[in-house]
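Close look at the chain arrangement
The chain contents come next:
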Amino acid sequence: SSIRLKALVVHYEVEASILGEGGGHMLGERKEGQKIIRVKSLSPSTDVAALAQKVVEECKLIPPSRLPQVEQLLYYLQNRKSSPVEGKVEKKEKRTAKPRELTPFEGMELDEEASITRVDEYVELLYEGVPEKIRGSALILQLARNPDNLEELLHNEAALGALARVLREDWKQSVELATIIIYIFFCFSSFSQFHGVVSHYKIGALCMSVVEHELKRHDVWCEELRKKNKSAPENGSLRRDQDKALRKYQGLRAKQEQLLRVSLYLLLNLAEDTRTELKMRNKNIVSLLVKVLDRDDEELLVLVVSFLKKLSIFLENKNDMAEVDTIEQLAHLVPCEHEDLLNLTLRLLLNLSFDSGLRAKMVEVGLLPKLAGLLGDENNRQVVMRILYHISIDDRFKGMFVYTDCIPQLMQMLFECSEEEIEAELISICINLAANKRNAQLVCEGKGLKKLMKKALKTKDCLLMKMIRNISQHDGPTKPLFIDYVGDLAAEIRAEEEEEWVLECLGTLANLTIPDLDWELVLKEYNLVPYLKDRLKPGLAEDDLILEVVIMIGTVSMDDACAAMLAKSGIIPALIELLNAQQEDDEFVCQIVYVFYQMVFHQATRDVIIKDTQAPAYLIDLMHDKNTEIRKVCDNTLDIIAEYDEEWGRKIQSEKFRFHNNQWLEMVESRQADESETYLYENDNDRTDLFYSADGITPADGSVSPDFFSDLQAQNGDSHITG
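Residues numbered from 1 in each chain as written. Predicted model: local features only at pLDDT ≥ 70, side-chain atom pairs only at ≥ 80, totals over all residues. Heavy atoms only, no water.

An unreviewed UniProt entry annotates the protein chain as Kinesin-associated protein 3-like of Echeneis naucrates.

Okay, here's the thing in structure tokens:
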């Protein structure tokens, strides 16, 4: 089929007439026909005019008047570029990493060479027994595998109808027969414009039935084989029976896989139309494909994984894959020696890794170390890094990278990158992983942090500095390593650099809550106080940068001298003004309140906060904020203020009492409203409120002295009130 012969197709009509006694026309019939004239000798050096003359002379169906047209057609054939089918047939767009072309399978080779002019003879064989049907369909397949013949076969409705009928009625009788006929229709399915004829004969639905049936048959074979193997091999005879059963199974499986391969390939071609693909989905195509993933035939696996990859771009199909053991089956294919199969499997896993549940399943089945082991594979490294990036997004799995060799490889790749550009996937994974404490320690091992800082400061790469910033947030052995780079980071903040770069440097500095660090010296040497104060003004910088400035102020305020320096600079009123402007932003409010919390620890700044600003009043307003963290910081700060200032202490105590009293009143009013609607209790012993006045124990005004309860407890003789 690799040799493409050039030919002329002559269309003609034959008219038969019955004449009467007088010679007049009584009855007639017309029949259309065509003749294929193969011009095997046509080559670039052929004399086209002489060949055209010879064709007209030998073919009595072509009148001499058509000689110029024949010559023109031969000239066209002589100079055309080689293509699968001339003119009308357009090969559909090639898929990425598409399964290789189907090869002839065992049992279809014939000594006889099929001829397009003898198709009707082959069709006659389809009405005989199974052996004849196999022979006839195999001869037609010889023709169908040459795309030049598809147009002519398409117009032979008798042939296609007979093939479809035989497939529909006899496919269970012979795997070989079913394989050959589906292969014929597969040849048509390889071209988009022929999908209509394949659908017309409902071949796609038949293929779905074939695949489902064959997979069930395979389950039966496996069960039979398991039962035979379960018997203990006590003697040689039993062992021979087991070996024979195994060989039989292997032979049946090999033939079945040919049938599965051609059937699934045809379905993959038809799935080019999303409406057809939806029909397949409704017939459970995903589950069928996943069941095939346990086979060993690599070409079949390439086909199945290609199909699943195509399906996986739709949410419904992805959800179907999540309901069956797709990830478990794919995990067995990573890694594998078949390059195309490995690449397709990884790309399918990438599509599925957008789903958090499927990412969790990938980690659960042990794919993480396998993927890390493929980082050195140049052909698959990029897709592997994208999968790893998706896994690294989830905080649950960041720590699991510690148990692979992923981080050392990523660091080596990072340091080997050119100064101009670092791969987006690479730095993205590193940023995510650096947010985990143990990962950060691995990154900093040896001279890791030193190399990172050197590269970042040299390239001014914001993403690289973001990774360093993530490392800086962890308490423990990594944080003191940053002392050597405080000056470098402070210098970058004062330099006229891009705001995004300054943001990352400032964020890194703000994370350095190190007791031994002399922040007063740093602030003075790099003149940072005016910079910090100026950036607090709303509108002068982006909110992200302003927030980092607030966090930085909170960090340095842990130092007594720094807190005093900042208080004298007038930074507290600026923070209060910012608090007013950003009162709807919980993160801003929480960080500003934290600054106040740090400052009330120190005598100098505590007096400024309490006596010279309205910060305590704002803290009282925020004491009952909906945000838990804000309430917590406010309570702690107000407790310190109340301890050191009696007047504010009374105000704070009064506000707390007023708030709790309001809550009590609201609860009582709510309970009274409920009781007015329905009487909820049938028995007095079921009441949940202890303070009731039914027996006159509790005064109407609710005032009860501690002595009263002591007397009551003594009378009852136990710790609970009885009715």
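1. Brief notes about the pattern of salt bridges
Inspection of the entire model under this criterion finds 29 salt bridges. Glu 423 serves as the salt-bridge partner of Arg 381, at 3.4 Å between the closest nitrogen and oxygen. Note that Arg 381 is positioned in helix H19 (residues 381-393) and Glu 423 in the loop between helix H21 (406-416) and helix H22 (424-433), a separation of 42 residues in sequence. Of the charged contacts in the structure, one is a salt bridge between Glu 520 and Lys 524, with a shortest N-O distance of 3.0 Å. Taken together, the positions of Glu 520 and Lys 524, both in helix H28 (residues 519-525) and four residues apart, correspond to about one turn of that helix. (Salt bridge = Lys/Arg side-chain N within 4 Å of Asp/Glu carboxyl O. Helix = DSSP H or I, 4+ residues; strand = E, 2+ residues; numbered from the N terminus.)

2. Remarks on a positive patch on the surface
Together, Lys 228, Lys 244, Arg 247 and Lys 248 line one region of the surface with positive charge. By residue number, the principal contributor to the positive patch is helix H10 (residues 236-270), which donates three residues. Structurally, the position occupied by Lys 248 is in helix H10. (Patch = residues over 30% accessible without salt bridge, like charges linked within 9 Å, V, L, I, M, F, W, Y side chains within 5 Å. Areas by Shrake-Rupley, 256 points an atom, 1.4 Å probe, with all protein chains shown as cover. Lys, Arg positive; Asp, Glu negative; His and termini not counted. Charge placed at Lys NZ, Arg CZ, Asp CG, Glu CD.)

3. A word on empty space enclosed by the protein
According to the stated counting rule, one finds one cavity of 30 Å³ or more in the structure shown. By volume, the largest cavity is sized at about 50 Å³. Looking at the lining of the largest cavity, the elements that each hand over two or more residues are H21, H22 and helix H23 (437-444). Per element, the largest residue contribution to the lining of the largest cavity is three residues, and it comes from H21. Here the residues of the lining of the largest cavity are counted per class, giving eight nonpolar, one polar and no charged. (1 Å grid on protein atoms, 1.4 Å probe; cavity = no way out; pocket = protein on both sides within 12 Å on 5 of 7 lines; lining within 4 Å. Points joined across faces, edges and corners; volume = space filled by probe spheres on them. Nonpolar A, V, L, I, M, F, W, Y, C, P; charged D, E, K, R; others polar.)

4. Let's talk about the packing of aromatic side chains
Counted under the stated rule, the structure contains seven aromatic pairs. With a centroid separation of 5.8 Å and 65° between ring planes, the pair formed by Tyr 183 and Phe 186 is classed as edge-to-face. One end of the pair is Tyr 183 and the other is Phe 186, both in helix H7 (residues 175-189) and three residues apart, which spans about a single turn. The residues Tyr 183 and Phe 186 share a single accessibility class, namely buried. Measuring from centroid to centroid gives 6.1 Å for Tyr 594 and Tyr 597, while their planes differ by 35°, and the two rings are tilted. (Phe/Tyr/Trp six-rings, centres within 6.5 Å; stacked < 30°, edge-to-face > 60°. Buried < 20%, exposed > 50% of the residue type's maximum accessible area, 1.4 Å probe, protein only.)

5. A word on helix H16 (residues 339-352)
Between its first and last C-alpha, H16 extends 20 Å over 14 residues, near the 20 Å set by a 1.5 Å rise per residue. Of all 14 residues making up H16, 10 are buried, and the element is well covered by its neighbours. Of all the residues in H16, the buried ones are Leu 341, Leu 342, Asn 343, Leu 344, Thr 345, Leu 346, Leu 348, Leu 349, Leu 350 and Leu 352. Tucked inside the fold, the buried residues of H16 contact helix H13 (298-311), helix H14 (315-323), helix H15 (326-331), helix H17 (356-364), helix H18 (367-373) and H19. (Expected span 1.5 Å × (residues − 1). Contact = heavy atoms within 4.5 Å.)

6. Concerning the nonpolar core
Within the largest apolar cluster, 203 residues are counted, with the highest numbers of intra-cluster contacts made by Ile 203, Leu 346, Leu 414 and Met 467. With 12 residues, H7 is the single largest residue contributor to this core. Taken domain by domain, the makeup of this core includes at least three residues from each of domain 2 (107-230 + 242-283) and domain 3 (525-667). Contact partners of Met 467, with chain neighbours within four places excluded, come to Met 411, Leu 414, Ile 427, Cys 430, Ile 431, Ala 434, Val 443 and Leu 452. (Core = buried A, V, L, I, M, F, W, Y, C linked by side-chain atoms within 4.5 Å. Domains from an automatic or database assignment.)

7. A closer look at the packing of H13 against H16
Angle between the axes and distance between the axes: these two values describe a pair of packed helices. H16 packs onto H13 with a crossing angle of 25° between their chain directions and a minimal axis gap of 9 Å. One way to sum up the angle between H13 and H16 is to call them roughly parallel. The hand of the H13/H16 crossing is left-handed. Contacts between H13 and H16 involve Leu 301, Val 302, Val 305, Ser 306, Leu 308 and Lys 309 on the former and, on the latter, Leu 341, Leu 344, Thr 345, Arg 347, Leu 348 and Asn 351. In terms of residue class, the contact of H13 with H16 is built from seven nonpolar, three polar and two charged. (Axes fitted to C-alpha atoms, helices over the stretch in contact; angles between N-to-C directions. Parallel < 35°, antiparallel > 145°, perpendicular 65-115°, else oblique. Left-handed = near helix turned anticlockwise from the far one by under 90°.)

8. Points about a negative patch on the surface
A cluster of acidic residues, Asp 120, Glu 124, Glu 128 and Glu 132, forms a negative patch on the protein surface. Here Glu 128 shows up in the loop between helix H3 (119-125) and helix H4 (130-144). What makes Glu 128 partly exposed here is its relative accessible area of 46%.

9. As for the side chain of Thr 404
Within the secondary structure layout, Thr 404 lies in the loop between helix H20 (395-398) and H21. Excluding anything up to four places from it in sequence, Thr 404 contacts Leu 368, Pro 369 and Ala 372.

10. Comments concerning unusual backbone geometry
Residue Pro 335 is reached from Val 334 by a cis peptide bond, and omega for that bond is -5°. Tracing the backbone shows Pro 335 in the loop between H15 and H16. In this structure, Asn 527 is a non-glycine residue whose phi angle is positive, near 50°. Looking at the element boundaries, Asn 527 is found in the loop between H28 and helix H29 (528-534).

11. Topic: the environment of Val 55
Along the chain, Val 55 turns up in helix H1 (residues 48-58). Taking the relative accessible area as the measure of exposure, Val 55 reaches 8% and is therefore buried. Between the C-alpha atom of Val 55 and that of Leu 67, which follows or precedes it by 12 residues, the distance is 8.8 Å. Sequence-distant contacts of Val 55, that is, excluding residues within four places in its chain, are made with Leu 8, Ile 37, Val 39, Ile 62 and Val 70.

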